[in-house]
Amino acid sequence: MQPDEITEILNRPISQELLARDLTRLAYVAKDGTPRTVPIAFTWNGTQIILCTLPNAPKLHALRANPMVALTIDTEVHPPKILLLRGRAELEVVEGIPEEYLVMNGAYRMTPEQRVEWEAEVRSLYDSMVRIRVTPTWVKLIDFETTLPSAVEELVRQRAERAGA
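To continue, consider the pairing of strand β2 (residues 35–41). Relative to β2, strand β1 (residues 23–29) runs antiparallel, the two sharing seven bridges. Across the sheet, Ala27 pairs through a bridge with Thr37, a residue of β2. Hairpin connection between β1 and β2: a loop of five residues separates the two successive antiparallel strands, and Gly33 in this loop has a positive phi of roughly 90°.

Taken as a whole and judged by the stated rule, the model has twelve salt bridges. Measuring nitrogen to oxygen at the nearest pair gives 3.6 Å for the salt bridge that ties Arg36 to Asp32. Owing to a relative accessible area of 54%, Asp32 belongs among the exposed residues under this scheme. We note a salt bridge from Arg133 to Glu92, for which the minimum N-O separation is 3.5 Å. Taken together, the residues Arg133 in strand β7 (residues 128–142) and Glu92 in strand β6 (residues 82–95) connect sequence positions 41 residues apart. Overall, Arg133 belongs to the partly exposed group, its relative accessible area being 23%. On the basis of relative accessible area, Glu92 is assigned to the partly exposed category, the value being 34%. A single network of salt bridges, built from pairs that share partners, joins Glu92, Glu100, Arg131 and Arg133.

For the rest of this paragraph, the subject is the sheet that holds β6. In space, the seven strands of this open sheet follow the order β2-β1-β5-β6-β7-β4-β3, with antiparallel pairing throughout. The sheet is open, and its two borders are formed by β2 and β3 (43–44), each paired with just one other strand. Judged from the five bridges that link them, strand β4 (residues 49–53) and β7 form a sheet pairing that is antiparallel. Bridge pairing links Ile50 to Arg133 in β7.

Before going further, it helps to spend a moment on the nonpolar core. Side chains of nonpolar character tend, in soluble globular proteins, to be buried together. Core analysis: the largest hydrophobic core is formed by 27 residues, its most contacted members being Ile49 and Leu51. For this core, the secondary structure elements donating two or more residues are α1 (3–10), α2 (13–19), β1, β4, α3 (58–65), β5 (68–74), β6 and β7. Looking at this core element by element, the count peaks at five residues for β7. Setting aside its immediate chain neighbours within four residues, Ile49 contacts Leu19, Phe42, Thr43, Trp44, Leu71, Ile73, Leu85, Ile132, Arg133 and Val134.

You can see Arg131 is positioned in strand β7. Taking C-alpha positions, Arg131 is 6.8 Å from Val94, a pair spaced 37 residues apart along the chain. With residues near it in sequence (within four places) discarded, Arg131 still touches Ile50, Leu51, Cys52, Glu90, Leu91, Glu92, Val94, Pro98 and Glu100. A distance of 3.0 Å separates polar atoms of two side chains, one belonging to Arg131 and the other to Glu100.

As a further point, take the side chain of Asp74. With respect to the secondary-structure elements, Asp74 resides in strand β5. Within the structure, Asp74 has its side chain in polar contact with the side chain of Arg25 (distance 2.7 Å). Setting aside residues no more than four positions away along its own chain, Asp74 makes contact with Leu18, Arg21, Arg25, Lys81 and Ile82.

Take the pairing of β1 next. On β1, burial follows the alternation: Thr24, Leu26 and Tyr28 on one face are buried, whereas Leu23, Arg25, Ala27 and Val29 on the facing-out side are not. By the bridge criterion, three bridges tie β1 to β5 in an arrangement that is antiparallel. Note on β5: the bridge partner recorded for Leu26 is Leu71.

Analysis parameters
Residues numbered from 1 in each chain as written. Predicted model: local features only at pLDDT ≥ 70, side-chain atom pairs only at ≥ 80, totals over all residues. Heavy atoms only, no water. Pairing = 2+ DSSP bridges. Helix = DSSP H or I, 4+ residues; strand = E, 2+ residues; numbered from the N terminus. Salt bridge = Lys/Arg side-chain N within 4 Å of Asp/Glu carboxyl O. Buried < 20%, exposed > 50% of the residue type's maximum accessible area, 1.4 Å probe, protein only. Core = buried A, V, L, I, M, F, W, Y, C linked by side-chain atoms within 4.5 Å. Contact = heavy atoms within 4.5 Å. Polar contact = N/O pair within 3.5 Å; in protein donor to acceptor, adjacent residues only side chain to side chain.

Take a look at the structure:
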């Protein structure tokens, strides 16, 4: 997929709505060769998906061995809106708490007092974190109105061909 195609899809209003959400599903291949999918908070910086995790998270060993990942960001309503992304995870150890971690967790409903307590607890617990940057190399937006899963698109095309025959 060409970079301009990726940019065009990610700049669509529905994609921007999905990129403003606070939870994605990260898929990767574990060290034992089996697939894993984990929900994880994220933020979009305009060019990359940013995730943060603890230095002892099992997913980091797997991502160092095989940095290729897939992400899904979706809604819980019908028809669903789904943004699928693929890319390569780049890992960076950060002393203290990455600013992105505080931003991505800012969407949770907390009173100002709860937020102060939460941030103090996080800062007292984590000496460092790992920032995971994923630059999309492939994307697909599915909204079931203007875009469909590729298998459904194929069925629609076949039906049209039969009707035209």
